[in-house]
Amino acid sequence: MLGAKKTGLRTQFAALCYRMRKGKPEILLVTSRRTQRWIIPKGWPQDGMRPAQSAAVEALEEAGVEGKLHDNSLGLYSYTKQHVSGRTLPCVAVVYPLKVKTIHDRYREVKQRKRKWFSLANAARKVSEPELAHLIRSFDPNRLPKK
């Protein structure tokens, strides 16, 4: 984000969707629409919603999942978003954990994205952003605050 002006930096909210299998967490990744890279669901802030709620909306729209949302962020990562105009936008995404309870077969972006479950290590290898990879590798659902 070096050289980014305050007015040029955009914030998005992201959901780290996970489930437990044989006592170990698995992470749900989706493909981006244009480049088909593996990412986590994320999007722009939504009026009248807390950041974590915005992340949950993105999880439903992009990955077709719902679940138990945590309001405490895991951290953030930076990346450059390719705008349809060809311009690049420096962005930061604040990441919120979402324990998946429901997986829908039909959802808003089902025809635009693939989704797949990965182990922590494999998910970290699949994403392009080093800071996101670190968040995934260090994710431990047992350290999340109990509600």
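Above this text is the structure in question.
Computed from a predicted structure; not experimentally measured. (Residues numbered from 1 in each chain as written. Predicted model: local features only at pLDDT ≥ 70, side-chain atom pairs only at ≥ 80, totals over all residues. Heavy atoms only, no water.)

K.L.:
Mind showing me how you'd approach the overall build of the protein chain here?
P.N.:
Helix and strand content of the protein chain: three helices and eight strands. Reading the helices (α) and strands (β) of the protein chain from amino to carboxyl end gives β-β-β-β-α-β-β-β-β-α-α. Seen along its three principal axes, the alpha-carbon backbone of the protein chain occupies a region of about 45 × 35 × 35 Å. Burial analysis of the protein chain (147 residues in total) assigns 44% to the buried set. (Helix = DSSP H or I, 4+ residues; strand = E, 2+ residues; numbered from the N terminus. Buried < 20%, exposed > 50% of the residue type's maximum accessible area, 1.4 Å probe, protein only.)

K.L.:
Sorry if this is basic, but what is going on with the nonpolar core here?
P.N.:
General note: in soluble globular proteins, nonpolar side chains tend to be found buried as a group. Among the nonpolar cores identified, the biggest contains 24 residues, and Ile 27, Leu 29, Ile 40 and Ile 136 are the most heavily contacted of them. Formed by 17 residues, the second largest nonpolar core is a distinct cluster that contains Phe 13, Ala 55, Ala 63 and Val 100. (Core = buried A, V, L, I, M, F, W, Y, C linked by side-chain atoms within 4.5 Å.)

K.L.:
It is not clear to me how the packing of aromatic side chains should be interpreted in this structure. Could you clarify?
P.N.:
Two descriptors summarise a pair of aromatic rings, namely the distance from one centre to the other and the angle between the planes of the rings. Under the definition given, this model contains four aromatic pairs. Between Tyr 18 and Phe 139 the ring centres are 4.9 Å apart and the planes differ by 65 degrees, which places this aromatic pair in the edge-to-face class. One end of the pair, Tyr 18, is in strand E1 (residues 10–21); the other, Phe 139, is in the segment after helix H3 (130–137), and 121 residues separate them in sequence. Across the pair, Phe 139 and Tyr 18 agree in class, each one buried. (Phe/Tyr/Trp six-rings, centres within 6.5 Å; stacked < 30°, edge-to-face > 60°.)

K.L.:
What is the right way to read unusual backbone geometry from this model?
P.N.:
Trans is the prevailing form of peptide bonds, just as negative phi is the prevailing case for residues other than glycine. The backbone phi angle of Lys 22 is positive, close to 55 degrees, even though this residue is not glycine. Inspection of the secondary structure puts Lys 22 in the loop between E1 and strand E2 (24–31). The residue Gln 36 is not glycine, and still its phi comes out positive at about 65 degrees. If you trace the backbone, Gln 36 turns up in the loop between E2 and strand E3 (38–39). The class of Gln 36 is partly exposed, set by a relative accessible area of 35%.

K.L.:
Explain the side chain of Glu 62 to me, please; I cannot follow it from the model alone.
P.N.:
Within the secondary structure, Glu 62 sits in helix H1 (residues 51–63). Separated by 3.3 Å, the side chain of Glu 62 and the backbone nitrogen of Lys 42 make a polar contact. With sequence-adjacent residues up to four places away left out, Glu 62 is seen in contact with Val 30, Ile 40, Pro 41, Lys 42, Tyr 107, Glu 109 and Arg 113. (Polar contact = N/O pair within 3.5 Å; in protein donor to acceptor, adjacent residues only side chain to side chain. Contact = heavy atoms within 4.5 Å.)

K.L.:
So what exactly am I meant to see when it comes to the environment of Asn 72 here?
P.N.:
Mapped onto the fold, Asn 72 is located in the loop between strand E5 (65–69) and strand E6 (75–82). Along the primary structure Asn 72 and Val 95 are separated by 23 residues, whereas in three dimensions their C-alpha atoms are 8.8 Å apart. Once you skip the residues sitting within four places of it in the chain, Asn 72 turns out to touch Tyr 96, Pro 97 and Pro 145.

K.L.:
Would you mind going over the pairing of E1 with me for this structure?
P.N.:
A regular strand carries its side chains on alternate faces of the sheet. In this structure, E1 lies alongside strand E7 (residues 88–103), joined through nine bridges in parallel fashion. Counterpart to Ala 15 in the pairing with E7 is Tyr 96. Examined bridge by bridge, E1 and strand E4 (residues 42–43) share two bridges and lie antiparallel to one another. Looking at the pairing, Phe 13 lines up with Gly 43 of E4. As paired elements, E1 and E2 share four bridges and run antiparallel to each other. By the bridge assignment for E2, Arg 21 is matched with Lys 24. If you look at the hairpin formed by E1 and E2, you'll find two residues sitting between the two strands, and Lys 22 has a positive phi there, around 55 degrees. (Pairing = 2+ DSSP bridges.)

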